[in-house]
Amino acid sequence: MALVQKFIAANQRDVMRQVREKLGDDAVILSTRPDAQGVLVLAALEADLDQLAPETAAAPLDFASITQQLLTEMQALRAEVAKLRETTTIGAHETASQEDQRSRLYRRLRTGGFSDELSRQIVSHMPSSLNVASATQANIERWVREQISARIAVAEVNWPILDATGVVALVGPTGVGKTTTTAKLAAQYVMRHGADSLLLVTTDSYRVGAQQQLEVYADILNVDMHPLRDGDSLSALAEPMKGKRLILVDTVGMSQRDQRLPSKIAALQQSQSSQLVLLLNAAAQPTTLDEVARIYRRIAQESDLQINDCIITKVDECTHSGGVLDVICRHQFQVQAISSGQRVPEDFEPPHLESLLNCALGDATTASALEQQAWQLELPQQLNASRLVDQGQSLQSALAGLQQLIPDFNLVTQAYQHGQVPPPRTERTPPAVRWAAPQPLQGWSQRTATVALSQGGLPMLSASWYDVPEFQTADLQLFDYLPEVTELSSLTSRGRGWLAAVNVNHRLAQQGQVRSASDIIKREGVPLQQGAEKLIYRGETRTLRLKIAAVDGVASDAPWQLCYGELQGGKGKAAVQRRYWILDAQASVDDLVARTTYSLQLEELGRLQRFAWQQLDGAPSELRHWLAGAIAASAIHLEYSLQPQAARLRADLLALSGKRGRVDGSKLVSGMIRVLSAHQALREVSAGIQTESVRGWSQHD
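Quick caveat, the model's predicted, so the values are computed rather than measured. All chains use their own residue numbering, which begins from 1 and follows the written sequence. At least 70 in pLDDT is required for a residue's local features to be given in this predicted model, at least 80 for side-chain atom pairs to be given and counted, and no such filter applies to totals for whole chains, interfaces and linings, which use all residues. Only hydrogens and water are set aside; all other atoms, that is, all heavy atoms of the structure, feed into the side-chain values.

Helix numbering and strand numbering both begin at the N terminus, where a helix is a DSSP run of H or I of at least 4 residues and a strand a DSSP run of E of at least 2. Looking only at helices and strands, the protein chain has 24 helices and 24 strands in total. Looking at the protein chain as a whole, 50% of its 701 residues qualify as buried. Any two residues whose heavy atoms approach within 4.5 Å at even a single point are treated as in contact. Residue pairs in contact within the protein chain that sit at least 24 positions apart in sequence constitute 68% of those at least 6 positions apart. Working definition of accessibility: Shrake-Rupley area with a 1.4 Å probe, residue cover restricted to the visible protein chains. Element-wise, carbon and sulfur atoms account for 49% of the exposed surface of the protein chain, whose accessible area totals about 33000 Å². When a residue's accessible area, from a 1.4 Å probe over protein chains only, is under 20% of the maximum for its type it is buried; when over 50% it is exposed; and in between it is partly exposed.

What follows is the structure, encoded as structure tokens:
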């Protein structure tokens, strides 16, 4: 073997790797120079330098300077080898492993099109169990998909726009696919509700053939279609709009920077409810999408309109969908549908995010390639240092979101900060009340809170949980137990609606015969004509099927209704939950569906209150009980809220709780308590106060 060996590679790092692999730690670099193929290096073993000396002695060289250069390069090479060993050897320090996992995830998110802000936020929430070298890629993959999915609000029922009444206008810049999407929505509407109650409107008088294109679709669907002349508002079509359930508007495409855009948006204002849906091009640049969302929403607000919903278009043309998902997260839009081609109505799908996440993150077959590509991106400096800032911002954002979304959540914040229950105040009569059983849950000594409910059945916070006079006069009374029949009779006589839970073996009279609830439903139960209802139950989408039967009430002229509910879902589509209720005979089918849904959503209130009570160990008894009830009620409110900002807030609390998997009430409770305790700790630190001197029970994370 030659004493002096030649190495050629594309760059300095690769050529040094070749030297190390061939000659080991005792290699000495004799010369380095550029080459047509990259870098050329001559190297030899340190032990062979003496054999080289006679051959080179005759050469007119400054051997002292060469020796010094060789020693310097040798030290540099050894340092490089040591560094490579340190970062690649299995069993490196845990901190290096953690940074390695965070770096991989950050780079992968950035490669998929996500912004630096969201990528940093997700990385900063990575659980410690995944910040180790032994963490599997499958677990990291599952966790990051859960984090992104939880931040995006999607319509739980296929195309709820089609069940809307009034005006639905599709807006967005030129070329985003509004006309084609209008035709797809119209076709779906006709299949669901028929053609007579739909009116198509186009405001596009600029693009050649735009009106004719929509006319063709209208003729095929046998749907009425009218153009809106430039300068007119929707009130000009008052006559064609009479008797129409839905008016679907295909608006003119305009750049978000067009000066005429405000007047075009203002023309969509209507005495009926007007719903604007923004179309987002999945193949567009993220900065462009962000500008479109920001400007369109601002202009709509100036016209007293709101843009809370979006439809993702041109998914079939998209290479990395992280950009559009990032914009949806940032602006808290609810995704109504996904459009992925030109075919009407085939290329129109419910908002299932799995395909978009695959496009952003890569599926199982491409994940490693994406990761390898991502390593070429430069990781911003001070990522670790910024994690504290990112988490602090997440805490502040979560607290502000809770106070904005949940009425009176500031009462919880104040109670936690000051260590005392808020004083009683005069309450207005709430729309509904859910009464808890007088006896505590089994294995617990505390009563479950009785809560006021909003018009949509979500818990509202109250400064007083028990014996509130205003609760007695609420129009709807829900019971998670069976009260005295005289109380139910009194509610009926006063015109109050009610629903009470009963067990499967509860005995009821029907035409003078006394039988169990299950036997009555089996013999006389009639399924609701409107079929199955889709709802969210404990973090999962379930199907609720209802049956009803008439039973005898207290008075012969005032019968009751017995209702049976079967929640179906899961992999086997088997019934997972069965429930029985009785309710007043005046309740309509819509009332029955709403009341049973509220009852199911509130079932976990007692368990969540006990869970919160356990986490507040050490707090004064009265405060602990009040906070536990308030936090549990807030968790249910957030879990079932359909507001666009609720999805982002649920994701933040899930990450702050340190839990994984689907969002449910217990994880939201943990996240809320973490937000409250961390916020209190930050306040005390900023004020220069020792935590223990103020409240020894506060568990700072």
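Now that the structure has been shown, the text picks up again.
Attention shifts here to the environment of Thr 179. Relative to the elements of secondary structure, Thr 179 occurs in helix α7 (residues 178–193). On the basis of relative accessible area, Thr 179 is assigned to the buried category, the value being 5%. Along the sequence, Thr 179 and Val 249 sit 70 residues apart, while their C-alpha atoms lie 9.2 Å from each other.

By salt bridge we mean one thing: a side-chain nitrogen of Lys or Arg within 4 Å of a carboxyl oxygen of Asp or Glu. As enumerated under the stated definition, the model contains 16 salt bridges in all. Glu 317 is the partner of Lys 314 in a salt bridge, and the nearest nitrogen-oxygen pair spans 4.0 Å. Of the residues examined, Lys 314 reaches a relative accessible area of 17% and is grouped as buried. Taken together, the shared-partner salt bridges in this structure form one network comprising Asp 290, Arg 294, Asp 326 and Arg 330.

A few words on the nonpolar core. Only buried Ala, Val, Leu, Ile, Met, Phe, Trp, Tyr and Cys residues count toward a nonpolar core, and they belong to the same one when joined by side-chain atoms within 4.5 Å. Counting residues in hydrophobic clusters, the biggest one holds 68 residues, and the most contacted among them are Phe 409, Val 412, Ile 631, Leu 638, Leu 653 and Met 672. Per-element tally for this core: the top contributor is helix α21 (residues 621–640), with twelve residues. Ranked by size, the runner-up nonpolar core spans 62 residues in total, among them Val 132, Ala 135, Ala 169 and Ile 328.

With that settled, the discussion passes to the packing of helix α6 (residues 137–150) against helix α13 (residues 354–361). Every angle, taken between N-to-C directions, lies between 0 and 180 degrees, and every axis is a line fitted to C-alpha atoms, over only the stretch in contact when it is a helix. Where α6 meets α13, the axes come as close as 11 Å, and the angle between the chain directions of the two elements is 120°. When the axes of α6 and α13 are compared, the pair comes out oblique. Taken as a pair, α6 and α13 cross one another with a handedness that is right-handed. On α13, the residues that touch Glu 141, Val 144, Arg 145, Ile 148 and Ser 149 of α6 are Glu 354, Leu 357, Asn 358 and Leu 361. Residue type decides the class: Asp, Glu, Lys and Arg count as charged, Ala, Val, Leu, Ile, Met, Phe, Trp, Tyr, Cys and Pro as nonpolar, and the leftover types, Gly among them, as polar. Partitioned by chemical class, the residues of the contact of α6 with α13 number four nonpolar, two polar and three charged. Roughly parallel means an angle under 35 degrees; roughly antiparallel, over 145; roughly perpendicular, 65 to 115; everything else is oblique. In a left-handed crossing the near helix is turned counterclockwise from the far helix by less than a right angle, and in a right-handed crossing that turn is clockwise.

Moving on to the pairing of strand β18 (residues 507–510). In β18, alternate side chains face the same way, and those of Leu 508 and Gln 510 are buried while those of Arg 507 and Ala 509 on the opposite face are not. DSSP-based pairing: two strands are paired if at least 2 bridges between them are found. In terms of strand pairing, β18 meets strand β19 (residues 513–516) through four bridges, oriented antiparallel. Bridged to Leu 508 within β19 is Arg 515. Taking the residues that link successive antiparallel strands as the turn, the β18-β19 hairpin has two residues, and the phi of Gln 511 there is positive, at about 55°.

Let's shift gears to the environment of Gln 577. Position of Gln 577 relative to the elements: it lies in strand β24 (residues 575–584). For Gln 577, a relative accessible area of 23% puts it in the partly exposed group. Along the primary structure Gln 577 and Glu 566 are separated by eleven residues, whereas in three dimensions their C-alpha atoms are 5.9 Å apart. With near-sequence residues (within four places) excluded, Gln 577 lies in contact with Tyr 537, Gly 565, Glu 566 and Leu 567.

This next bit is on the side chain of Thr 180. With respect to the helices, strands and loops of the structure, Thr 180 is situated in helix α7. Filtering out sequence-adjacent residues up to four positions away, Thr 180 remains in contact with Gln 213, Gly 341, Gln 342 and Val 344.

We now examine the confidence of the model for the protein chain. Regions with low pLDDT should not have their predicted coordinates read in detail. Per-residue confidence for the protein chain gives a mean pLDDT of 76; residues scoring 70 or more make up 76%. The low-confidence segment residues 363–389, where pLDDT is below 50, has 39 contacts with residues more than four positions distant or belonging to other chains. pLDDT is a per-residue confidence score from the predictor, ranging from 0 to 100.

A few words now on the packing of aromatic side chains. Only centres within 6.5 Å qualify two rings of Phe, Tyr or Trp (six-membered ring in Trp) as a pair; their planes then separate them into stacked at under 30 degrees, edge-to-face at over 60, and tilted for everything else. If you walk through the whole model with that rule in mind, you get three aromatic pairs. Their ring planes at 90° and their centres at 5.8 Å tell us that Phe 479 and Tyr 481 sit as a pair that is edge-to-face. The buried category is assigned to Phe 479, whose relative accessible area is 2%. Tyr 481 sits in the buried class, given a relative accessible area of 19%. Relative to Tyr 580, the ring of Tyr 564 has its centre 5.1 Å away and its plane inclined at 45°; by these criteria the two rings are tilted.

Before going further, it helps to examine the packing of helix α16 (residues 409–418) against α21. Helix packing geometry: the angle between the two helix axes and the distance between the axes. It is the contact of α16 with α21, at a shortest axis distance of 10 Å, that shows an interaxial angle of 150°. Note that α16 runs across α21; the crossing there is left-handed. Of the residues in α21, those touching α16 at Phe 409, Leu 411, Val 412, Ala 415 and Tyr 416 are Leu 623, Trp 626, Leu 627, Ala 630, Ile 631 and Ser 634. Of the residues that constitute the contact of α16 with α21, the class distribution is ten nonpolar, one polar and no charged.

Moving on: the pairing of strand β3 (residues 38–45). Among the eight residues in β3, six count as buried, and that is most of the element. Both strand β1 (residues 5–9) and β3 contribute to a ladder of five bridges, which runs antiparallel. Bridged to Phe 7 within β3 is Val 41.

Here Gln 332, not a glycine, exhibits a phi torsion of approximately 55°, which is positive. You can see Gln 332 is positioned in the loop between α12 (322–331) and β11 (334–339). Residue Asp 408 is not a glycine yet carries a positive backbone phi of 70°. Positionally, Asp 408 belongs in the loop between α15 (383–405) and α16.

Turning our attention to the side chain of Glu 639. Relative to the assigned elements, Glu 639 resides in helix α21. Here a polar contact is recorded for every N or O atom pair within 3.5 Å, except that within protein the pair must consist of a potential hydrogen donor and a potential acceptor, and residues adjacent in sequence are included only if both atoms are side-chain atoms. From its side chain, Glu 639 meets the backbone nitrogen of Gly 665 in a polar contact 3.4 Å long. Excluding residues that lie within four positions of it along the chain, Glu 639 makes contacts with Arg 538, Gly 539, Arg 650, Val 663, Asp 664, Gly 665 and Leu 668.

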